[in-house]
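Given next are the chains, with one letter for each unit.
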Amino acid sequence: MKTRKANKHYCLGIESTADDFSIGISTFHGKILANIIDAYMPEKGGIHPREAARHHAEVGSQVLEKALTKSGIKSRDLAVIAFSQGPGLGPCLRTGATVARALASYLDVPLVGINHCIAHVEIGKLVTGVKNPVTLYVSGGNTMVAAFDSGRYRVFGETLDIALGNCLDVFAREASLTQRPGMPFGAVIERLALKGKELISLPFTVKGMDLSLSGLLTAAVTILKKGECKLEDLCYSLQETAFSMVAEVTERALAHTGKKEVLLTGGVAANKRLQSMIRAIAEEHEAEFDVVPTEFAIDNGAMVAWTGVLAYTHGMVTPVEKSFVKLRWRLEEVEVPWMK
Amino acid sequence: MSSPVLIKKGAEANLYLADWHGRKVVLKKRLPKKYRQSTLDRQIRTYRTIHEPQLMHEAKKAGVPTPIIFLIDRKNATIIMEYIEGKQIKQLLSEVPEKERQQLCFRIGKLVGKLHRFGVIHGDLTTSNMILSPDGKIFLVDFGLGDKTEELEARGVDLHLMKRALQSTHFRFATECFNSVTNGYAEVLGAETSKSVLDKIKEIEKRGRYVAERKEKE
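Cut-offs and rules
Residues numbered from 1 in each chain as written. Chains lettered and ligands numbered in written order. Predicted model: local features only at pLDDT ≥ 70, side-chain atom pairs only at ≥ 80, totals over all residues. Heavy atoms only, no water. Helix = DSSP H or I, 4+ residues; strand = E, 2+ residues; numbered from the N terminus. Rg over C-alpha atoms; globule rule 2.2 N^0.38 Å. Buried < 20%, exposed > 50% of the residue type's maximum accessible area, 1.4 Å probe, protein only. Contact = heavy atoms within 4.5 Å. Areas by Shrake-Rupley, 256 points an atom, 1.4 Å probe, with all protein chains shown as cover. Core = buried A, V, L, I, M, F, W, Y, C linked by side-chain atoms within 4.5 Å. Pairing = 2+ DSSP bridges. Axes fitted to C-alpha atoms, helices over the stretch in contact; angles between N-to-C directions. Buried area = accessible area lost by both parts, 1.4 Å probe. Salt bridge = Lys/Arg side-chain N within 4 Å of Asp/Glu carboxyl O. Polar contact = N/O pair within 3.5 Å; in protein donor to acceptor, adjacent residues only side chain to side chain. Nonpolar A, V, L, I, M, F, W, Y, C, P; charged D, E, K, R; others polar. pLDDT = per-residue confidence, 0-100. Expected span 1.5 Å × (residues − 1).

**With respect to the overall build of chain A**
Thinking step 1. If you tally the helices and strands in chain A, you get 11 helices and 12 strands.
Thinking step 2. Compactness check: chain A gives a C-alpha radius of gyration of 20 Å against a globular reference of 20 Å for 340 residues, within 12% of the reference.
Thinking step 3. In terms of its C-alpha atoms, chain A occupies a principal-axis envelope of roughly 70 × 45 × 30 Å.
Thinking step 4. Looking at chain A as a whole, 60% of its 340 residues are labelled buried.
Thinking step 5. For chain A, long-range pairs separated by at least 24 residues make up 76% of all intrachain contacts whose partners lie at least 6 apart in sequence.
Thinking step 6. Of the accessible surface of chain A, which amounts to about 13700 Å², a share of 52% is contributed by carbon and sulfur atoms.

Okay, here's the thing in C-alpha cells:
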C-alpha cells in the first residue's frame, strides 16, 4: 500500500470543450505519457454541440482505455484527475466533467478544474521550453493574445466577434470545400492560397488591441458568391488580411509588454503563412519565436493533465460541488500561483 | 534635420524625436511591415497616414487638444507633428493619489465625450495615448485607428476599449477609474446619451467571448 502511494505522481487530464474528446496523462515532472485525441467531424455543417457531446460519450471509455494502455500505468497510480472546466460548448464540457467526476470518485482522488485557454499556454511552454511568452492562441473557438502580468494571464487583445478558425471554416463551407481527417478546412484554404496571386481588397478591422473578423468573412463570402474572383485569390486575400490583423495585435502586445518570447498555438498555428508572419514580428522585436507542435496545439488532454499537475502541486483542487462547467470562463479570472 | 532618435517602437508605427527647423517634433513613421503582403501593407500605411491628421484636426475642432501637424509625407508614410512635453497618463495614474487619479479620469471622460459629440472616434483609447502637458492640458495622441462616425456602436466600442485598457494596465483601480471616466463623459453628452453608450458597452461585453453574465441572463 505504501509503495503504491509513493508512486502516485501522475495526473490524467480530460479535454472536451468542443469537437475533440481527448485524454492525456502526465507525470508530475511534465513527461507526457499519453495524449489520445478522438475528433468528432460532422459530415455537413459546423459542430452541433449535442451531437459532439454524444460523440464524446460514445468514445469516452475507449479513449480512456487507450490512454491508460499507452501510458503503461494503472488507473490506481493516478494522484489527481484534471478536466477542462471551460470555456467551451455546454454539452461537450458536461460530458467531460461527468467522466472526470466519475473517475475521481471511483479512484478516490481529488479533482481539479482547468481553464482550457491556460492549458493551451502551459502545454506550449512545456513542449517548447519558453518561460514567459506573449501567446497568440488561434483556433476554431478562440482568438486571443495573452501574457502573464501580476499573478495572472491577461488578455492583451482578442476577437470582438468570431474566432479566426471559425472565419476560415465558414468561408470554406460557403465555398463548398470539403475537409477530411488530417486535412481540415484551414489546411485546404492554405493550400489554395498558395496558388493565389492577386490581393482582393477586404475589410481590415483592428480596433485598438482587439480585432473583428465577421465583416471580413461577410465581405469574402459576398465576393465569392458573385463568382467574379478566383477562389485561389480569395483564399489568399482572406489569409493575408486576417493574419495581418492578428499579427498586428500580437505585435502590439509584444511592444506593450516588452516580453522576449512569442508562442503561437491553437489549431490555426499549423498554418505556415501565419507562422512566418508571427516569426517576422518576433525577430523584429528580438524575441524568440516558437510554434507549438500540432498534437499539443489543437485541443488535447495532455495540456489539461500537465496544467492539472501545476495546479494540484500548488494546492489547487476543485471540490465536486464546485465542479460545474463554466461556459464563458475567462483566463484572467484564474490565479496562476505556479508563475512567479 | 538633426538625426531623429527613436522614442517608441510601436506595432503600428515608430515614433522619433527630432529637431525640425528649430522645433522639437515627433516623426511618426509607418515603416513597411515585412510580414505583410506588399499591396496590403502600402494600403494600410497610406490610409492611416492620411486619415490620422484629418482626425486630429477634427478633434481640435471638437475642443480636444492634439499635437499640431506640420507635414504629411504620404509617400514615406510619415507625419511630422508637434512634440508634447509632459507625462503619459499611463504613468501618472499609478503615481498620483486617489483623488487626483479620479480627477484625471473625469477629465479624460470629458475629452472622450467631446470627441464623440463631434463624431470623432479615437479608436485606441489607452492611457499611453494621453499626455498631461506642463500647463495642465490633457493631449490625446495616436488617432491612427480612429474613425469619423456618430454611430452608437462605434462609440461603445471606443469606450469599451478604454475600459479594457484600464483593466489590463491599471487593474488595481480599473473600476474606480472607469467610473470617473463615465462621469466625465456623461457631463458632456448628457445622462441619456451616456446611458445608451454604457448600455452598448454592456451589449458588446455580452457579445464578447465567454462572458459569464451572458449565460446567466439567457
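Having seen the structure, we can now continue with the description.
**Considering the nonpolar core**
Thinking step 1. The biggest cluster of nonpolar side chains holds 60 residues, and the ones touching the most others in it are Phe 171, Leu 213 and Ile 278 of chain A.
Thinking step 2. It is helix α8 (residues 231-257) of chain A that provides the largest number of residues to this core, a total of 12 residues.
Thinking step 3. Those residues in contact with Ile 278 of chain A, other than ones at most four positions away along the chain, are Leu 136, Ala 247, Thr 250, Val 262, Leu 264 and Phe 289 of chain A.
Thinking step 4. Within the second largest apolar cluster, 35 residues are counted, among which are Val 26, Ile 89, Ile 108 and Val 181 of chain B.

**Comments concerning the sheet that holds strand β5 (residues 78-82) of chain B**
Across a sheet, strands are paired by hydrogen bonds formed along the backbone, either parallel or antiparallel in direction.
Residues and elements named next belong to chain B.
Thinking step 1. Sheet architecture is open: five strands sit in the order β1-β2-β3-β5-β4, paired in antiparallel fashion. Across the chains shown, the open sheet's two edge strands, defined by having one partner strand only, are β1 (5-9) and β4 (69-73). Neighbour-to-neighbour, the strand axes of this sheet turn through a mean angle of 25°, independent of strand direction.
Thinking step 2. As paired strands, strand β2 (residues 14-20) and strand β3 (residues 23-29) are joined by seven bridges and run antiparallel to one another. Directly across from Trp 20, in β3, lies its bridge partner Arg 23.

**Describing the interface of chain B and chain A**
Thinking step 1. At the interface, 35 residues of chain B touch 44 residues of chain A.
Thinking step 2. Here chain B meets chain A over a buried area of about 3300 Å², counting both sides, of which 53% is carbon and sulfur.
Thinking step 3. Scanning the region where chain B abuts chain A turns up seven salt bridges.
Thinking step 4. Taking the shortest distance from any N to any O, the salt bridge between Asp 210 of chain A and Arg 164 of chain B comes out at 2.6 Å.
Thinking step 5. Applying the counting rule to chain B against chain A returns nine residue pairs in polar contact (both at pLDDT 80 or more).
Thinking step 6. Secondary structure elements with two or more residues in the side of chain B that touches chain A: α1 (38-61), α4 (152-169) and α6 (212-217) of chain B.
Thinking step 7. Grouping the constituent residues of the side of chain B that touches chain A by class yields 12 nonpolar, nine polar and 14 charged.

**Notes on the confidence of the model for chain B**
All names here are of chain B.
Thinking step 1. On average, chain B scores 91 in pLDDT, and the residues at 70 or more come to 94%.
Thinking step 2. Across chain B, element-level confidence peaks in strand β9 (residues 138-140) with a mean pLDDT of 98 and bottoms out in α6 with 44.
Thinking step 3. For the stretch residues 210-218, pLDDT sits under 50, and the model shows 21 contacts to residues farther than four places along the chain or on other chains.
Thinking step 4. Both confidence scores are given for the complex: pTM 0.90, ipTM 0.87.

**Observations concerning the environment of Asn 14 of chain B**
Residues and elements named next belong to chain B.
Thinking step 1. Assignment of secondary structure puts Asn 14 in strand β2.
Thinking step 2. The spatial distance from the C-alpha of Asn 14 to the C-alpha of Leu 27 is 8.0 Å, given a sequence separation of 13 residues.
Thinking step 3. Those residues in contact with Asn 14 that lie beyond four places of it in its chain are Leu 6, Lys 8, Lys 9, Leu 27, Lys 28, Lys 29 and Leu 31.

**Re unusual backbone geometry**
Residues and elements named next belong to chain A.
Thinking step 1. Here the bond from Gly 86 into Pro 87 is cis, since omega is -5°, no more than 30 degrees from zero.
Thinking step 2. Mapped onto the elements, Pro 87 comes out in the loop between β4 (78-86) and α3 (90-107).
Thinking step 3. Even without glycine at this site, Ser 176 takes up a positive phi of about 60°.
Thinking step 4. Given the relative accessible area of 61%, Ser 176 is considered exposed.
Thinking step 5. A positive phi angle is found at Glu 286, which is not glycine, with a value near 50°.
Thinking step 6. If you trace the backbone, Glu 286 turns up in the loop between α9 (272-284) and β12 (288-291).
Thinking step 7. Among the residues examined, Glu 286 registers a relative accessible area of 68% and is labelled exposed.

**What about the pairing of strand β8 (residues 152-158) of chain A?**
All names here are of chain A.
Thinking step 1. Most of β8 is tucked away: six of the seven residues are buried.
Thinking step 2. Here six bridges tie strand β7 (residues 143-149) to β8, and the two strands are oriented antiparallel to one another. Paired with Val 145 across the two strands is Gly 157, which belongs to β8.

**Some remarks on the sheet that holds strand β8 (residues 130-132) of chain B**
All names here are of chain B.
Thinking step 1. Here we have three strands laid out as an open sheet, ordered β6-β8-β9, and antiparallel in their pairing. Edge positions in the open sheet fall to β6 (87-88) and β9, since each of these has one partner strand only.
Thinking step 2. Judged from the three bridges that link them, β8 and β9 form a sheet pairing that is antiparallel. Across the sheet, residue Ile 131 finds its bridge partner in β9, namely Phe 139.
Thinking step 3. In the packing of helix α3 (residues 98-117) onto the sheet, the strands contacted are β8 and β9, and the crossing angle to β9 comes to about 45°.

**Quick look at helix α11 (residues 301-313) of chain A**
All names here are of chain A.
Thinking step 1. Taking 1.5 Å per residue, 13 residues should reach 18 Å; α11 reaches 18 Å between its end C-alpha atoms and fits that length.
Thinking step 2. Of all 13 residues in α11, 11 are buried; the element is thus mostly enclosed.
Thinking step 3. Among the residues of α11, the N-terminal cap falls to Asn 300, whose side-chain oxygen and the backbone nitrogen of Ala 302 are separated by 3.2 Å.
Thinking step 4. Where α11 ends, the next residue or the one after it, Gly 315, has phi of about 80°, a positive value.

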